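Fold and geometry: a report
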Amino acid sequence: MQPSTLVALAALTGIATLLVLMALRSAPRAPDQHALLAHAKTNALMLLGMMGFALVMSLSLPPSLFADGLRTTSEAAIVGGLADWFAVSALFRPLPVPIIGRDTDVIARKKDEIGDQLAQFVQDKFLDADSLAALMRRHDLAAGLGHWLVQEENTRRLGGFLVKCVAGSLHLVEAERVQQLLKDAARTLLAKADLSRSAGEVLDTLTADGRHQQLLDQLIARLLQLLAAAGTRELIADKIVEWLKTEHYKKQLVLPTEWLGDKGSELFARQLGRYLDEVRTDPRHSLRVAFDGYVAQLIARLKTDPVMHEKAQEIKAYLLNDDDLGHYASQLWRTISDWLHRNVESEDSPLHRNLVAAGGWLGRELAADPELRRTLNEQLEAAARSAAPDFSAYLTTHIRDTVRQWDAREMASQIELSIGPQLQKIRVNGTLVGGAIGLVLFAAGETVRRLSS
């Protein structure tokens, strides 16, 4: 047997062996990225090996159209496979190839640029205000929330979550720190406050538009009710009798003391009631005018009088140095905290029931009120537009900084594990496409040659 025949048989045997091995090999069942990548690389390498055996076999065959076509096809397939191997490998590792080798190891060399471009892409395409607003308009968030909340199971779940959040927050708070915070806050606010001027401004607000005259009217009405009461007149009569017995002892022995007390009481009540009724019915009464002047004078003094300011400062200094203020703040927080703990953790408490029922109420309101849903969607969209710039800037900065902190070689390795199996298909396709193109070119060349001859 001729040596060329032996070489052809060996090449054919190699092709058959590789075909059998590829048929028998199966992808790893376990989700092991390293195994999947190794499997994909082996497939591409075996296909390239078959093209190599095919080239050897074509060279050992006697000159013929088949041998020439096989050689051209296998050569083109090997070129295509090797070119795509170089392209894929150049992404993840440096290749010692003169001149063009400096452009390999793309991912590791361009790590920071990749991070910057990825961050910018996320910011421009996913987190810009218009994209977020369009996303929210496509999905009626208010309607979806209402539909979710009207389901009893979801209502209970949300209510339980709210209860846990409130209870957990209370347990995280240190009572001593809160008490000290309340003390410091009270003292800080009090130290900065101008009590005299503040009191004047508060009183000025309370008396605006004649509201203090309404208070005077209420006081007069109350006094008239007291004067009309029998018990009040009896008290006045008793005081008159007591006065006569104390100041005019001898005269009261001969005078009708009890009668004078009754008549004096009646006269006093009638005259005072008449006077108060005049004040009540006359908006321009002298007492009202005097009351206006007194209130205006008091407000002016509170705002500008140094004496009033000094008195207010003395009161403030007393309060700042008084231990009762700090004790009051401590007691206030302890009372509030105990009440919250009891009501949040007890399933029978109104607060607990209201927290659980809040989700269901909100869901029913949203489901029944289209205008409420529209308003809520508009508010959510406005909030998204407002928060989008800051949020996108924060997230893109986080992406950029995180990528910069990664190890370049580790990053390239992780990316290769993630997309490497898919990229190895490029090598397979390059080998097959290269062979197909070689065969087409060979066929075209032979056709032209035969036609021209």
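Residues numbered from 1 in each chain as written. Predicted model: local features only at pLDDT ≥ 70, side-chain atom pairs only at ≥ 80, totals over all residues. Heavy atoms only, no water.

1. Some words on the overall build of the protein
Counted only if it meets this: Only DSSP runs of H or I covering at least 4 residues are called helices, and only runs of E covering at least 2 are called strands; the numbering of each starts at the N terminus. Burial classes: relative accessible area under 20% of the type maximum marks a residue as buried, over 50% as exposed, and values in between as partly exposed (1.4 Å probe, protein chains only). Contacts are assigned to residue pairs that have any heavy atoms within 4.5 Å of one another.
Scanning the protein from N- to C-terminus turns up 20 helices and zero strands. Relative to its 453 residues, the protein shows a buried fraction of 28%. Contacts in the protein between residues at least 24 apart in sequence constitute 73% of all its contacts with a sequence separation of at least 6.

2. Description of the pattern of salt bridges
Quick reminder of the rule: Whenever a carboxyl oxygen of Asp or Glu lies within 4 Å of a side-chain nitrogen of Lys or Arg, that contact is scored as a salt bridge.
Tallied over the entire structure, the rule returns 14 salt bridges. In this structure, the salt-bridge partner of Arg-280 is Asp-277, at a minimum N-O distance of 2.4 Å. Taken together, the residues Arg-280 and Asp-277, both in helix 14 (residues 257-281) and three residues apart, mark about one turn of the helix. Note on Arg-280: relative accessible area 40%, which makes it partly exposed. Residue classification places Asp-277 among the partly exposed residues on the basis of a relative accessible area of 30%. Glu-378 is paired through a salt bridge with Arg-374; the nearest N and O atoms lie 2.3 Å apart. Taken together, the residues span about one helical turn, with Glu-378 and Arg-374 both in helix 19 (residues 370-405) at a distance of four residues. Residue classification places Glu-378 among the partly exposed residues on the basis of a relative accessible area of 42%. Each member of the salt-bridge network shares a partner with another, and the members are Lys-111, Asp-112, Asp-116, Arg-400 and Arg-404.

3. Here we look at the packing of helix 7 (residues 141-149) against helix 19
What counts here: Between the N-to-C directions of two axes lies an angle of 0 to 180 degrees, each axis being a line fitted to C-alpha atoms and, for a helix, fitted only over the stretch in contact. Convention used here: angles under 35 degrees read as roughly parallel, angles over 145 as roughly antiparallel, angles from 65 to 115 as roughly perpendicular, and any remaining angle as oblique. Lys, Arg, Asp and Glu make up the charged group, whereas Ala, Val, Leu, Ile, Met, Phe, Trp, Tyr, Cys and Pro make up the nonpolar group; the residues left over, Gly among them, are polar.
Two numbers describe how helix 7 lies on helix 19: the axes approach to 8 Å, and their chain directions differ by 120°. It follows that helix 7 is oblique to helix 19 by the angle criterion. Across the interface between the two elements, Leu-141, Ala-142 and Ala-143 of helix 7 pack against Arg-373, Leu-376, Asn-377 and Leu-380 of helix 19. Residue composition of the contact of helix 7 with helix 19, by class: five nonpolar, one polar and one charged.

4. Here's the deal with the nonpolar core
Basically, it comes down to this: Residues belong to one nonpolar core when they are buried, are Ala, Val, Leu, Ile, Met, Phe, Trp, Tyr or Cys, and are joined through side-chain atoms within 4.5 Å.
Counting residues in each nonpolar core, the largest one holds 11 residues, listed as Val-88, Phe-92, Ile-107, Ala-119, Val-122, Leu-127, Ile-399, Val-403, Met-411, Ala-412 and Leu-423. Considering every element that reaches this core, the biggest residue donor is helix 20 (residues 408-452), with three residues. Every residue in contact with Phe-92, bar those within four places of it in the chain, is listed here: Asp-105, Ile-107, Arg-409, Ala-412, Ile-415, Glu-416, Ile-419 and Leu-423. In this structure, Leu-47, Met-51, Leu-55 and Ile-78 belong to the second largest nonpolar core, which totals seven residues.

5. Regarding helix 19
Filter applied, for reference: Multiplying 1.5 Å by the residue count of a helix minus one yields the expected span of that helix. Bend is computed residue by residue as the angle between axes fitted to the seven residues ending at the residue and the seven residues starting at it.
With 36 residues, helix 19 extends 49 Å from end C-alpha to end C-alpha; this agrees with the ideal 52 Å at 1.5 Å per step. Bending of helix 19 peaks at approximately 45° at the position of Ala-388, with proline Pro-389 no more than four residues after it. Regarding helix 19, the residues found buried are Arg-373, Asn-377, Glu-381, Ala-384, Ala-388, Ser-392, Thr-396, Ile-399 and Val-403.

6. Remarks on the packing of helix 5 (residues 111-125) against helix 19
The condition is simple: Put simply, a crossing is left-handed when the front helix is turned counterclockwise from the back one by less than a right angle, and right-handed when it is turned clockwise.
Closest axis-to-axis distance for the helix 5/helix 19 pair is 8 Å, and the angle between their directions is 160°. Judged on the interaxial angle alone, helix 19 and helix 5 are roughly antiparallel. Crossing geometry of helix 5 relative to helix 19 is assigned as right-handed. For the pair formed by helix 5 and helix 19, the contact residues are Lys-111, Asp-112, Gly-115, Asp-116, Leu-118, Ala-119, Gln-120, Val-122 and Gln-123 on the first element and Ser-392, Ala-393, Thr-396, Ile-399, Arg-400, Val-403 and Arg-404 on the second. In terms of residue class, the contact of helix 5 with helix 19 is made up of six nonpolar, five polar and five charged.

7. Some remarks on helix 11 (residues 211-228)
As a reminder of what qualifies: Note that the arc is computed from the directions linking the helix axis to the C-beta atoms.
With 18 residues, helix 11 should cover 26 Å at 1.5 Å per step; its first-to-last C-alpha distance of 26 Å lies within 8% of that length. His-212, Gln-213, Leu-216, Ile-220 and Leu-227 are the residues of helix 11 that are buried. All buried residues of helix 11 project into a common sector of 95° when viewed along the axis, lining one side. Exposed and oriented more than 90 degrees from the buried face of helix 11 are Leu-215, Gln-218, Gln-225 and Ala-228.

8. Here's the deal with the environment of Gly-144
With respect to the element layout, Gly-144 can be found in helix 7. You can call Gly-144 partly exposed: its relative accessible area is 41%.

9. Quick word on the side chain of Ser-58
Our working definition: Between N or O atoms, a polar contact is any pair within 3.5 Å; within protein, one atom must be a potential hydrogen donor and the other a potential acceptor, and residues adjacent in sequence are included only when both atoms are from side chains.
Residue position: Ser-58 is located in helix 2 (residues 33-60). You can call Ser-58 buried: its relative accessible area is 3%. Of note is the side chain of Ser-58, whose polar atom sits 2.7 Å from the backbone oxygen of Leu-55. Apart from residues lying up to four places away in sequence, Ser-58 is in contact with Ala-67, Leu-70, Arg-71 and Ser-74.

10. A closer look at the environment of Leu-267
Position of Leu-267 relative to the elements: it lies in helix 14. The class of Leu-267 is partly exposed, set by a relative accessible area of 43%. Taking the C-alpha atoms as reference, Leu-267 lies 9.9 Å from Arg-233; in sequence the two are 34 residues apart.

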